[in-house]
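Spelled out, the chains give:
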Amino acid sequence: MSDTENEGAVFGGSWDVNDPQAQVTVTLTLASEQAMALAQLSKRAHSSSFTALAADDREATVMAEAVYGPLREGLAAAGFDPR
(Lines give C-alpha, C1' and ligand atoms only; values in the text may rest on other atoms or scores of the structure.)
Protein backbone atom coordinates (compact mmCIF):
# COMPACT_ATOMS: atom_id res chain seq x y z
CA MET A 1 0.00 0.00 0.00
CA SER A 2 1.41 3.41 -0.92
CA ASP A 3 1.67 6.29 1.57
CA THR A 4 -1.33 8.00 -0.07
CA GLU A 5 -3.46 4.86 0.13
CA ASN A 6 -2.34 4.27 3.70
CA GLU A 7 -3.24 7.86 4.69
CA GLY A 8 -6.80 7.32 3.41
CA ALA A 9 -7.03 4.09 5.37
CA VAL A 10 -5.76 5.73 8.55
CA PHE A 11 -8.40 8.43 8.33
CA GLY A 12 -11.06 5.93 7.27
CA GLY A 13 -11.86 7.85 4.11
CA SER A 14 -12.66 6.55 0.69
CA TRP A 15 -12.03 9.93 -0.92
CA ASP A 16 -8.91 11.08 -2.71
CA VAL A 17 -6.72 12.46 0.06
CA ASN A 18 -4.84 14.47 -2.56
CA ASP A 19 -8.00 16.36 -3.59
CA PRO A 20 -8.61 19.15 -1.06
CA GLN A 21 -12.02 19.83 -2.63
CA ALA A 22 -13.29 16.25 -2.30
CA GLN A 23 -16.69 16.20 -0.59
CA VAL A 24 -16.88 14.19 2.62
CA THR A 25 -19.97 13.41 4.68
CA VAL A 26 -19.47 13.20 8.43
CA THR A 27 -22.22 11.74 10.62
CA LEU A 28 -22.12 12.33 14.37
CA THR A 29 -24.15 10.99 17.25
CA LEU A 30 -23.98 13.35 20.21
CA ALA A 31 -25.83 13.80 23.47
CA SER A 32 -27.95 16.95 23.31
CA GLU A 33 -25.66 18.61 25.86
CA GLN A 34 -22.66 17.87 23.63
CA ALA A 35 -24.45 19.19 20.54
CA MET A 36 -25.32 22.45 22.29
CA ALA A 37 -21.76 22.77 23.60
CA LEU A 38 -20.41 22.24 20.09
CA ALA A 39 -22.87 24.83 18.76
CA GLN A 40 -21.70 27.29 21.42
CA LEU A 41 -18.07 26.56 20.56
CA SER A 42 -18.75 27.18 16.87
CA LYS A 43 -20.43 30.46 17.78
CA ARG A 44 -17.65 31.64 20.08
CA ALA A 45 -14.64 30.45 18.08
CA HIS A 46 -12.71 33.44 16.83
CA SER A 47 -10.37 33.56 13.86
CA SER A 48 -7.46 33.92 16.29
CA SER A 49 -8.39 30.51 17.73
CA PHE A 50 -7.90 28.86 14.35
CA THR A 51 -4.70 30.81 13.70
CA ALA A 52 -3.26 29.67 17.02
CA LEU A 53 -4.11 26.01 16.36
CA ALA A 54 -3.29 25.75 12.66
CA ALA A 55 0.00 24.88 11.02
CA ASP A 56 -0.31 27.87 8.67
CA ASP A 57 -2.70 30.59 7.48
CA ARG A 58 -4.28 28.38 4.81
CA GLU A 59 -5.13 25.67 7.34
CA ALA A 60 -6.58 28.30 9.70
CA THR A 61 -8.80 29.57 6.89
CA VAL A 62 -10.02 26.07 6.03
CA MET A 63 -10.74 25.35 9.72
CA ALA A 64 -12.76 28.55 10.03
CA GLU A 65 -14.69 27.83 6.82
CA ALA A 66 -15.61 24.36 8.10
CA VAL A 67 -16.77 25.61 11.50
CA TYR A 68 -18.50 28.80 10.37
CA GLY A 69 -20.23 27.06 7.46
CA PRO A 70 -21.22 23.40 7.40
CA LEU A 71 -20.72 22.65 11.11
CA ARG A 72 -22.93 25.52 12.26
CA GLU A 73 -25.47 24.76 9.52
CA GLY A 74 -25.64 21.07 10.46
CA LEU A 75 -26.07 21.85 14.13
CA ALA A 76 -28.76 24.45 13.38
CA ALA A 77 -30.60 21.99 11.13
CA ALA A 78 -30.65 19.55 14.07
CA GLY A 79 -32.12 22.25 16.31
CA PHE A 80 -28.91 23.45 17.96
CA ASP A 81 -28.56 27.06 16.90
CA PRO A 82 -27.15 29.20 19.74
CA ARG A 83 -27.82 32.52 17.99
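Calculation rules
- Residues numbered from 1 in each chain as written.
- Predicted model: local features only at pLDDT ≥ 70, side-chain atom pairs only at ≥ 80, totals over all residues.
- Heavy atoms only, no water.
- Helix = DSSP H or I, 4+ residues; strand = E, 2+ residues; numbered from the N terminus.
- Buried < 20%, exposed > 50% of the residue type's maximum accessible area, 1.4 Å probe, protein only.
- Areas by Shrake-Rupley, 256 points an atom, 1.4 Å probe, with all protein chains shown as cover.
- Core = buried A, V, L, I, M, F, W, Y, C linked by side-chain atoms within 4.5 Å.
- Contact = heavy atoms within 4.5 Å.
- Patch = residues over 30% accessible without salt bridge, like charges linked within 9 Å, V, L, I, M, F, W, Y side chains within 5 Å.
- Salt bridge = Lys/Arg side-chain N within 4 Å of Asp/Glu carboxyl O.
- Phe/Tyr/Trp six-rings, centres within 6.5 Å; stacked < 30°, edge-to-face > 60°.

A. View of the overall build of the protein chain. The secondary structure content of the protein chain amounts to four helices and zero strands. N-terminal to C-terminal, the α/β element order of the protein chain is α-α-α-α. Out of the 83 residues in the protein chain, the part that is buried amounts to 19%. As displayed, the protein chain has an accessible area near 6,400 Å², and 53% of this comes from carbon and sulfur atoms.

B. Looking closely at the nonpolar core. Counting six residues, the largest nonpolar core is built from Ala 45, Phe 50, Ala 54, Ala 60, Ala 64 and Val 67. If one sorts the elements of this core by residue count, helix 4 (residues 57-77) sits on top with three residues. Ignoring any residue separated from it by four or fewer positions in sequence, one finds Ala 64 in contact with Phe 50 and Gly 69.

C. Layout of a nonpolar patch on the surface. Taken together, the side chains of Val 24, Val 26, Leu 28 and Leu 30 present a nonpolar region at the surface, about 360 Å² in accessible area. Structurally, Val 24 is set in the loop between helix 1 (3-11) and helix 2 (32-44).

D. Structural context of the packing of aromatic side chains. Per the counting criterion, the structure on display carries one aromatic pair. Judged by centre distance (5.6 Å) and plane angle (85°), the rings of Phe 50 and Tyr 68 are edge-to-face. Of this pair, Phe 50 sits in helix 3 (residues 47-53) while Tyr 68 sits in helix 4, and the two are 18 residues apart along the sequence.

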